[in-house]
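# Residue-level structural notes
Here is what each chain is made of, one letter per residue.
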Amino acid sequence: MQWSSLVNICDLIATFAFATVGARVAAAKGMDYGGIILIAGVSSLAGGTFRNLFLVHQPAWIPNPWLFAAVFVAVLITIVRRSSEPVGRFLLALDTFGLAVATVSGTNYAIGFHSGAVIAVVLGVTGAVTGGLLRDVLSQTEPVLLHRETIGTSALAGAVIYVLLNEFQVNKAIPAIVGGLVVVLVRELSIRYSWNLPRISK
Amino acid sequence: MQWSSLVNICDLIATFAFATVGARVAAAKGMDYGGIILIAGVSSLAGGTFRNLFLVHQPAWIPNPWLFAAVFVAVLITIVRRSSEPVGRFLLALDTFGLAVATVSGTNYAIGFHSGAVIAVVLGVTGAVTGGLLRDVLSQTEPVLLHRETIGTSALAGAVIYVLLNEFQVNKAIPAIVGGLVVVLVRELSIRYSWNLPRISK
Amino acid sequence: MQWSSLVNICDLIATFAFATVGARVAAAKGMDYGGIILIAGVSSLAGGTFRNLFLVHQPAWIPNPWLFAAVFVAVLITIVRRSSEPVGRFLLALDTFGLAVATVSGTNYAIGFHSGAVIAVVLGVTGAVTGGLLRDVLSQTEPVLLHRETIGTSALAGAVIYVLLNEFQVNKAIPAIVGGLVVVLVRELSIRYSWNLPRISK
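Quick look at the structure, then. (Residues numbered from 1 in each chain as written. Chains lettered and ligands numbered in written order. Predicted model: local features only at pLDDT ≥ 70, side-chain atom pairs only at ≥ 80, totals over all residues. Heavy atoms only, no water.)

This part covers helix α8 (residues 173-192) of chain C. Residue and element names in this part refer to chain C. Spanning 20 residues, α8 covers 28 Å between terminal C-alpha atoms, matching the ideal 28 Å at 1.5 Å per step. Ala173, Pro175, Ala176, Gly179, Gly180, Val182, Val183, Arg187 and Ser190 are the residues of α8 that are buried. Residue serine 194 follows α8 closely and has a positive phi angle near 50 degrees. (Helix = DSSP H or I, 4+ residues; strand = E, 2+ residues; numbered from the N terminus. Expected span 1.5 Å × (residues − 1). Buried < 20%, exposed > 50% of the residue type's maximum accessible area, 1.4 Å probe, protein only.)

Moving on to the relation of the copies chain B and chain C. Between chain B and chain C, the superposition needs a rotation of 120 degrees and an axial shift of 0.0 Å, giving an RMSD of 0.0 Å. In symmetry terms, the pair is related by a three-fold rotation axis. Looking at the rotation axis and the C-alpha trace of chain B, the residue lying nearest is valine 56 of chain B, at 3.8 Å. Both copies present different contact surfaces, since only 16% of the interface residues of chain B are interface residues in chain C too. (Least-squares fit on C-alpha atoms with pLDDT ≥ 70 in both. Contact = heavy atoms within 4.5 Å.)

The subject of this paragraph is the interface of chain B and chain C. The partner chain C presents 26 residues to the 31 residues of chain B that form the contact. Summing both partners gives a buried area of about 2,300 Å² for chain B against chain C, and 71% of it is carried by carbon and sulfur. In this structure, the connection of chain B to chain C is made through 0 salt bridges. Summed over the shared surface of chain B and chain C, the number is 1 residue pair in polar contact (both at pLDDT 80 or more). When contributions to the side of chain B that touches chain C are tallied by element, the ones reaching two or more residues are α1 (3-28), α2 (33-54), α3 (66-80) and α5 (117-138) of chain B. The greatest single-element share of the side of chain B that touches chain C, amounting to 9 residues, is contributed by α2 of chain B. (Buried area = accessible area lost by both parts, 1.4 Å probe. Salt bridge = Lys/Arg side-chain N within 4 Å of Asp/Glu carboxyl O. Polar contact = N/O pair within 3.5 Å; in protein donor to acceptor, adjacent residues only side chain to side chain.)

Positive phi, close to 55 degrees, is recorded for glutamine 140 of chain A, a residue that is not glycine. Its place among the elements puts glutamine 140 of chain A in the loop between α5 (117-138) and α6 (144-147).

Residue and element names in this part refer to chain A. One can describe the packing of helix α4 (residues 89-112) onto α5 by two numbers: an axis separation of 7 Å at closest approach and a directional angle of 140 degrees. The two elements α4 and α5 cross, and the hand of that crossing is right-handed. Of the residues in α5, those touching α4 at Leu99, Ala102, Thr103, Gly106, Thr107, Ala110 and Ile111 are Ala120, Leu123, Gly124 and Ala128. Looking at the contact of α4 with α5 residue by residue, the classes come out as 7 nonpolar, 4 polar and no charged. (Axes fitted to C-alpha atoms, helices over the stretch in contact; angles between N-to-C directions. Left-handed = near helix turned anticlockwise from the far one by under 90°. Nonpolar A, V, L, I, M, F, W, Y, C, P; charged D, E, K, R; others polar.)

What follows concerns the side chain of threonine 130 of chain C. Of note, threonine 130 of chain C is situated in helix α5 (residues 117-138). Contacts of threonine 130 of chain C, omitting those with residues within four sequence positions, involve Gly47 and Phe50 of chain C.

Glancing now at the environment of leucine 6 of chain B. Locating leucine 6 of chain B in the fold gives a position in helix α1. Each C-alpha atom of the pair leucine 6 of chain B and isoleucine 151 of chain B lies 24 Å from the other, and the pair is 145 residues apart in sequence.

All right, on to the pattern of salt bridges then. Residues and elements named next belong to chain A. What the rule picks out here adds up to 6 salt bridges over all chains. Across the pair aspartate 95 and arginine 187 runs a salt bridge, and its minimum N-O distance is 3.0 Å. On the criterion of sequence distance, the pair formed by aspartate 95 in helix α4 and arginine 187 in helix α8 (residues 173-192) is long-range, its members being 92 residues apart.

With 31 residues of chain C at the interface, the matching set in chain A holds 26 residues. Roughly 2,300 Å² is buried in total at the junction of chain C and chain A, and carbon and sulfur atoms are behind 71% of that figure. Linking chain C with chain A are 0 salt bridges. For the pair chain C and chain A, the number of links is 1 residue pair in polar contact (both at pLDDT 80 or more). Elements represented by at least two residues in the side of chain C that touches chain A include exactly α1 (3-28), α2 (33-54), α3 (66-80) and α5 of chain C. If you tally residues by element for the side of chain C that touches chain A, the top one is α2 of chain C, at 9 residues.

Another point: empty space enclosed by the protein. Counted according to the given criterion, the structure contains 1 cavity of 30 Å³ or more. Considering only enclosed or pocket space, the largest cavity measures out at about 60 Å³ in volume. What lines the largest cavity is Leu53, Val56 and His57 of chain A, Leu53, Val56 and His57 of chain B together with Leu53 and Val56 of chain C. Class assignment of the residues belonging to the lining of the largest cavity gives a composition of 6 nonpolar, 2 polar and no charged. (1 Å grid on protein atoms, 1.4 Å probe; cavity = no way out; pocket = protein on both sides within 12 Å on 5 of 7 lines; lining within 4 Å. Points joined across faces, edges and corners; volume = space filled by probe spheres on them.)

The nonpolar side chains of soluble globular proteins are, as a tendency, buried together. Grouped together as the largest cluster of nonpolar side chains are 142 residues, with contacts concentrated most on Ile36 and Trp61 of chain A, Ile36 and Trp61 of chain B together with Ile36 and Trp61 of chain C. For isoleucine 36 of chain A, the contacting residues outside a window of four places in its chain are Ala23, Ala26, Ala27, Met31 and Val75 of chain A together with Ile200 of chain B. (Core = buried A, V, L, I, M, F, W, Y, C linked by side-chain atoms within 4.5 Å.)

So, on to the relation of the copies chain C and chain A. Copy one and copy two of the chain differ by a rotation about an axis and a translation along that axis. Taken as rigid bodies, chain C and chain A are interconverted by a rotation of 120 degrees and an axial shift of 0.0 Å, the fit giving an RMSD of 0.0 Å. When the interface residues of chain C are mapped onto chain A, a mere 16% of them again lie at the interface, so each copy presents a different face.

Turning our eyes to something else, we now look at a nonpolar patch on the surface. Taken together, the side chains of Leu185, Leu189, Tyr193 and Trp195 of chain A present a nonpolar region at the surface, about 440 Å² in accessible area. Within the secondary structure layout, leucine 185 of chain A lies in helix α8. (Patch = residues over 30% accessible without salt bridge, like charges linked within 9 Å, V, L, I, M, F, W, Y side chains within 5 Å. Areas by Shrake-Rupley, 256 points an atom, 1.4 Å probe, with all protein chains shown as cover.)

Let's shift gears to the packing of aromatic side chains. The relative placement of two aromatic rings is captured by the distance of their centres and the angle of their planes. By the definition in use, this model includes 15 aromatic pairs over all chains. Arranged with centres 5.0 Å apart and planes meeting at 50 degrees, the rings of tyrosine 109 of chain A and phenylalanine 113 of chain A form a pair that is tilted. When its relative accessible area of 43% is taken as the criterion, phenylalanine 113 of chain A is described as partly exposed. Of the aromatic side chains, those joined through ring pairs into one cluster are Phe50, Phe54, Trp61 and Phe68 of chain A, Phe50, Phe54, Trp61 and Phe68 of chain B together with Phe50, Phe54, Trp61 and Phe68 of chain C. Here arginine 51 of chain A stacks its cationic end above the ring of tyrosine 109 of chain A, 4.7 Å away from the centre of that ring. (Phe/Tyr/Trp six-rings, centres within 6.5 Å; stacked < 30°, edge-to-face > 60°. Lys NZ or Arg CZ within 6 Å of the ring centre and 35° of its normal.)

Structural data, given as structure tokens:
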């Protein structure tokens, strides 16, 4: 299998993952089917869209409308299974996988357009976390990204590792696999041991 | 009268309609004149702005600053008439007209840049509904788009009809008129008979 | 010292000012360090980012990642000093300075790309106020811009003066200095004498 089709398949799975979490959050908030579709779409596509706009590129869904199919299937499954409970263990794993893929694929995309290391990291993280942030803002929920968990930290760690390993240019796959594993590892450990970033205590 | 000037006039009226609804929502939320102007501007211009950014084009208000005049007149009327009651029957009709024009004009714009059918529909709907969504987010109200009514459904129906009829390319005006009428019809019927999209019951 | 390096230094200080206010608002809302970094970044960089996107340009932080250093230092100081009290007198002065610089620098940027007077004013004001607006939306606070104070009015007055003086083209520095002073003056006076824009009384 070619590298680029592997990337495409991973992007589709990540889109599906983020769309499923988004659909579940929207359903739990009592939105109608239209709201569920919209939140699923924003959750899964907004991050990459803003990353591309910052680079003055079209969003990926314009040349590749198949990404909408991933959103549609995610919404369909949510509606058919009438899922409106909070996000469970399996969905959290799916979300973490989505975060890993989005981070790596976004950082890789930015590097491909000759962004420097700092910008590649910023765009990789932005692309990975913006969808979830907008999902929570539109659902009028306290954004998880800003208050709890280590979504941003996990993405940052993965993006930095990706950029560092990429400097050696041994093999295109190594930075992607290690970067993605770092995202999964940091997030899984922080969930298991309830690690949180500190706050400024009042 | 030329086709393009008719389109421009309709765009101005749609901008005026969305700006009026936005100004009214802002006034009802107790915002000051500055907040009213800002919400009126976002309500009426954000949808087309994002649609254009996705296509890597400048927003329409850069080459055509007359659109700001429509916003300004809408705000002026709202302030002079000291209107801060909820949106009434006449304004709802104006809003529906705005939705029809924005849907048709946005879908037409996207097709003009060789977008495929799916992307034309997505961009047409995005351009028509994003302003109202941001209006509600900035006003810290539950977004109507996500919870009630059939704004998204009406725009979707109109955009799909437009794209389908456009395939036959008989006449530029037919898809626009029929598409717009479909938006108005779906929205009016859904308001009259209180049709809502279903939810996932808990 | 060259004009362009003076502009760069002012931009860095304005970024630092907006980032500090953002970090303080995030800390006061009980966000973790990740949330503080993100809100500081959005507060200080989102305005210029959107202004540039509307002109179909890359955000300034892509060619000039030093802007992130200003954000980083602002966050570091906030965390080290454990500042989570509401914004005080000194910070308000810093914020006003940031507003003046952002307005003048944004209006100047827009004019440099042959925008007409109206668009230059709109882009100057948009670049100056959008960061604070998004800061409040993401912090789930009532946006100051829409409800209180005269942030928007001050920026508008400064941008208009800048554009008018710029017509005479005597000297590049005069419109910038006078425009900036007008922003500071309008805001300081409105704070001292509790001037507010009117509302539509209910």
